[in-house]
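# Structural overview for review
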Amino acid sequence: EHPKTLGALARMHGPCFMEVYTLLVLLLVQAHAAGFDNLRGERRLQDTMDNASMQPVCTPKPAVSFVDQKPMCQPCASITINDQVKRCMFNTSLCDAVGPGETCMIDCAAPFVRVGNWTTGQCPKGNSIPDRMVMWSEPTCICPEPDAQQGYAQDSSGRWHCTQGFAGVPEVVCEPLPGCAGVQTFLRGCDKLVPCAMPSVDNCRFDVSRCTQVPPGGSCEIHCQTPLTGNHTVAVCKDLNTDPLQELDYFPLTCLLESCPDPSPWPIGYNKTADGKWVCATGYNGTARNRCELGDTWTSDCSAAAALTGCLQVVPCLAPTLTGLDGCTYDVSACTSVNPGEQCEVHCKSPFTGAKTEAYCPDGNTDPNGLVWTRPPCGLDSCDEPGQVPAGYQRFGTTGWECAQSYTGFAEKVCETTESCEIRAVLQGCLQLVPCEAQDTDCRYDFSDCMSVQPNSQCTVTCKAQNGFAGSSTTGTCLQGNTDVNGLVYTNPVCVINSCSDPANGNGYVKVEDHWECADGYSGRVNKTCMWMEDECVAEPLLSGCVMEQPCRLPDLGPVPCMYDVSDCTAVPPGQVCSVRCQSPYLGPTSDFACPVANTDPNRTLLGVLPVCGCGEPTPLPPGYNLTQDPFDDNKITYSCAEGYGGFARKLCQPGPDCTVDPLMTGCAIPLSCEAIFVDDSSGNGLARGAIHLGPALVGASVNESDVLYYEVFWADSCEDRMGSTALGQAQAGMGDACCRSDVYSVPIDSRPPEGATGWGVYS
């Protein structure tokens, strides 16, 4: 007594046309169809006979797949608006349950006012996604005009502006009421003009009493607070000020604290004249300065106190302290204590002789070391003869001295004083004549001609050929009267390395006849340079440019590396070729790979394209697929869907465990009407009246009518086989979307069921 759905089957009808159907068994007796009583009795009688005899034997049907989740057409979900204001601003009530491909209108919700046209929402054509929201765009909605408020006025064009006494940028604000019960519209942005706040200043220093309640655009004067002195400055309140905390803006003012109470008691060394000026007291000298300083309680009572500076006590000058040879030369004993304004004499200390000098202590001196003096010109008139005559000197007459032979200069006797004030005679002025000796310290230069050059003679400096140097030469001169063994005057010649020895073969280099080449297994261009080794004083040969050749690496073999046989391509040397094959059970061509000639990059991969490896054919070929082999090329095979099947045939090679592969055919499926229902329309008296409503064909998991021409409905028996060769009705295909629904096609039914009929079959 309940409807049930049977399976699906395929039957060949004619040489090239296969009709595929979904068999839907429907009760011919409905509770509301009173005219079916006789038919019900006939059916029960037939069932009794069938049960009494053998059950009918049905021909096996081919297996077909039918997805559990068909892409049923789904209406789009209503528009969801998260923004609280916009949720109340837009009217989306017409966009509830919008079907695939349908549109709806979106307008502004009252009391908002629309500017321009309303917009549309759309549910995508063929939508099968549940809860997919309607795609939509917002209409332009504005708030209703607010009521007039203090500080706001509207011009003839409807624009709001701030009235006199107010300033800012007016803005219309909408605030929805709870539950979108309406909207509260008001104006904001215009604030009342207010005076500026008084500036935050040091009230002990600045007088801002004139700056209370300064209106916007107004100004006032800031003065120095008594007893401070200084100019005044102007403070300004900015135009259109609406901030009561905005302080007046003013240029900095300097106020000086020049008068304050005298210190009590007066400090020692200071007196005050009758006219109020501070001076230094008797016995003190300097310039008295009275400086007002802030008191410890300035911030609370603005107190200040005078601080006197500049007067120092008058003191006598002491004798200077003599150190070193000055203590042996000068006598300052007369200047031990010199009163201010008095003088003393500085003499030469015996045995030094010379004129005395005068020293004095300045008037009003306050520095114990303030004696002003100059050193007298003291010298030694005579001293004993030297006890031992040094080399290079000899007597000249009875009292004079001269340079000895092979010495040069002007001999003289001088009297010197030691640190212990001892007087001694010293001969000086004569130096021994010596030849110039060049130091052969640089292996680039040859000084063999300059090893001993007599004064007033020359020599030649050349490049040291034995060390491989070549270049210019220069002249060295030993000056007349030379007394310095290092006195040779010369410039270095310009010397360069023009050759060096060859290294031994090896390390990737080999000499062939008169030039160098890279050895076998190396590549590059040889460059020989002579590198100067300063410490060893030699030019070492250096070969460069040859790099060891490297074999190429295998290329990336992709996600299934065992698909390829790469045994021929391990460590392929430069310039060589190898082959990559498809490894059994995979099938396919062979590809050649090459390692570039003279490759020196250890990370270089072989150059080539991996072969396209496939697999054998599935045996047997599954139903629904055809295989065609090219008569001219045994390796060329094409696949197609068999008749009665729709889709695009493909063979996949599915990798298995242990590098196995399974051929898998995919893409072809029997087109099945995705939905079919019978809608009764006054059936009775043994007749079925109504319509079969059905949806488009489903191929695999997708709605696909590309291979379907039309749909036909037949009576069907309990074996799900159609009864008779004439269809009850037909519907042309091609009107389905990408989703499934049962109201796309309709085939009217007005027929008496033949004996044994249990339902209808819908054929694609």
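We now turn to the structure provided with this report. Along every chain, residues carry numbers that run from 1 in the direction the sequence is written. Given that this is a predicted model, residues contribute local features only at a pLDDT of at least 70 and side-chain atom pairs are listed and counted only at 80 or more, while totals for whole chains, interfaces and linings are drawn from all residues. No hydrogens and no water enter the side-chain calculation; it runs on all heavy atoms of the structure.

A few words now on the overall build of the protein. Every helix listed is a DSSP run of H or I at least four residues long, and every strand listed is a run of E at least two residues long, numbered separately from the N terminus. Of the regular secondary structure elements, the protein holds four helices and 55 strands. Taken over C-alpha atoms, the radius of gyration is set against a globule rule of 2.2 Å times the number of residues to the power 0.38. Here the C-alpha radius of gyration of the protein, 61 Å, is well above what a compact globule of 764 residues would show, namely 27 Å. Expressed along its principal axes, the backbone C-alpha trace of the protein runs to roughly 175 × 105 × 50 Å. The rule is simple: take the accessible area with a 1.4 Å probe, protein chains only, and divide by the maximum for that residue type; under 20% is buried, over 50% is exposed, in between is partly exposed. Here the protein holds 764 residues, and 34% of them are scored as buried. Contacts were defined at the residue level, with two residues in contact if any of their heavy atoms lie within 4.5 Å. In the protein, the share of contacts with a sequence separation of at least 24, taken over all contacts with a separation of at least 6, comes to 51%. Values of accessible area rely on a 1.4 Å probe in the Shrake-Rupley scheme; residue burial ignores everything except the protein chains shown. Carbon and sulfur atoms provide 50% of the accessible area of the protein, an area that totals close to 44700 Å². Here the protein carries 43 positive and 88 negative side-chain charges, and the mean point of each set is 7 Å from the other. In this tally, Asp and Glu contribute negative charge and Lys and Arg positive charge; neither His nor the terminal groups of the chain are included. Each charge is placed at NZ for Lys, CZ for Arg, CG for Asp and CD for Glu.

Let us look at the pairing of strand E25 (residues 357–360). By the alternation rule, side chains of E25 split into Thr 357 and Ala 359, which are all buried, and Glu 358 and Tyr 360, of which none is buried. Sheet analysis places strand E24 (residues 343–348) next to E25, joined by four bridges and oriented antiparallel. The residue of E25 that forms the bridge with Val 346 is Thr 357. A strand pair is defined by DSSP finding two or more bridges across the two strands.

Here we come to the nonpolar core. Of all hydrophobic cores here, the largest spans 22 residues; its most connected members are Cys 211, Ile 222 and Leu 248. Looking at this core, the elements that each hand over two or more residues are strand E14 (219–224) and strand E20 (304–313). If you tally residues by element for this core, the top one is E14, at three residues. In contact with Cys 211, other than residues within four places in its own chain, are Met 198, Cys 220, Glu 221, Ile 222, Ala 235 and Leu 248. Here the nonpolar core consists of buried residues drawn from Ala, Val, Leu, Ile, Met, Phe, Trp, Tyr and Cys, with membership extended through side-chain atoms lying within 4.5 Å.

Right, let's get into unusual backbone geometry. Of note, the amide linkage connecting Ala 110 to Pro 111 takes the cis form, showing an omega dihedral of 10 degrees. Looking at the element boundaries, Pro 111 is found in the loop between strand E4 (103–108) and strand E5 (113–114). The omega torsion across Ser 350 and Pro 351 is 10 degrees, close enough to zero to call that bond cis. One can find Pro 351 in the loop between E24 and E25.

Overall, antiparallel pairing links the three strands, which are arranged E46-E49-E50 in an open sheet. At either end of the open sheet lies a strand with only one pairing partner, and these are strand E46 (672–673) and strand E50 (702–703). Pairing of E46 with strand E49 (residues 697–699), which is carried by two bridges, proceeds in the antiparallel orientation. Looking at the pairing, Leu 672 lines up with Leu 698 of E49.

Attention now moves to the environment of Ile 268. Following the sequence through the fold, Ile 268 ends up in the loop between strand E16 (249–250) and strand E17 (270–272). Put simply, Ile 268 and Ser 200 are 68 residues apart on the chain and 41 Å apart in space, counted from C-alpha to C-alpha.

Moving on to the pattern of salt bridges. Any Lys or Arg side-chain nitrogen found within 4 Å of a carboxyl oxygen on Asp or Glu counts as a salt bridge. The final tally for this structure, using the stated rule, is 19 salt bridges. Because the salt bridges share partners, they merge into one network encompassing Glu 385, Arg 395 and Lys 413.

The next subject is the sheet that holds E25. Strand order in this open sheet of three strands is E22-E24-E25, and the pairing throughout is antiparallel. Both outer strands of the open sheet, strand E22 (330–331) and E25, are each paired with one neighbouring strand and no more.

A pair of Phe, Tyr and Trp rings is counted when the ring centres sit within 6.5 Å of each other, with Trp represented by its six-membered ring. The angle between the planes then sorts it: under 30 degrees is stacked, over 60 is edge-to-face, the rest tilted. In the structure shown here, the tally under the stated rule is nine aromatic pairs. Ring centres 4.9 Å apart and planes at 70 degrees place the aromatic pair Trp 266 and Trp 278 in the edge-to-face group. Pair noted here: Trp 266 is in the loop between E16 and E17 and Trp 278 is in strand E18 (residues 278–280), with a separation of twelve residues, a long-range link. Accessibility expressed as a relative area gives 43% for Trp 266, which makes it partly exposed. Judged by centre distance (6.5 Å) and plane angle (80 degrees), the rings of Tyr 445 and Phe 447 are edge-to-face. By relative accessible area, Tyr 445 is classed as buried at 9%. Three or more aromatic residues joined by ring pairs form one cluster here, namely Tyr 445, Phe 447 and Tyr 490. Sitting over the ring of Phe 714, Arg 722 keeps its end group 4.3 Å from the ring centre. Above the face of the Tyr 763 ring, Arg 722 is positioned so that its terminal group lies 5.4 Å from the ring centre. Geometrically, a charge over a ring is one whose NZ (Lys) or CZ (Arg) sits within 6 Å of the ring centre while staying within 35 degrees of the ring normal.

Taken by themselves, the reported measurements are silent on function.
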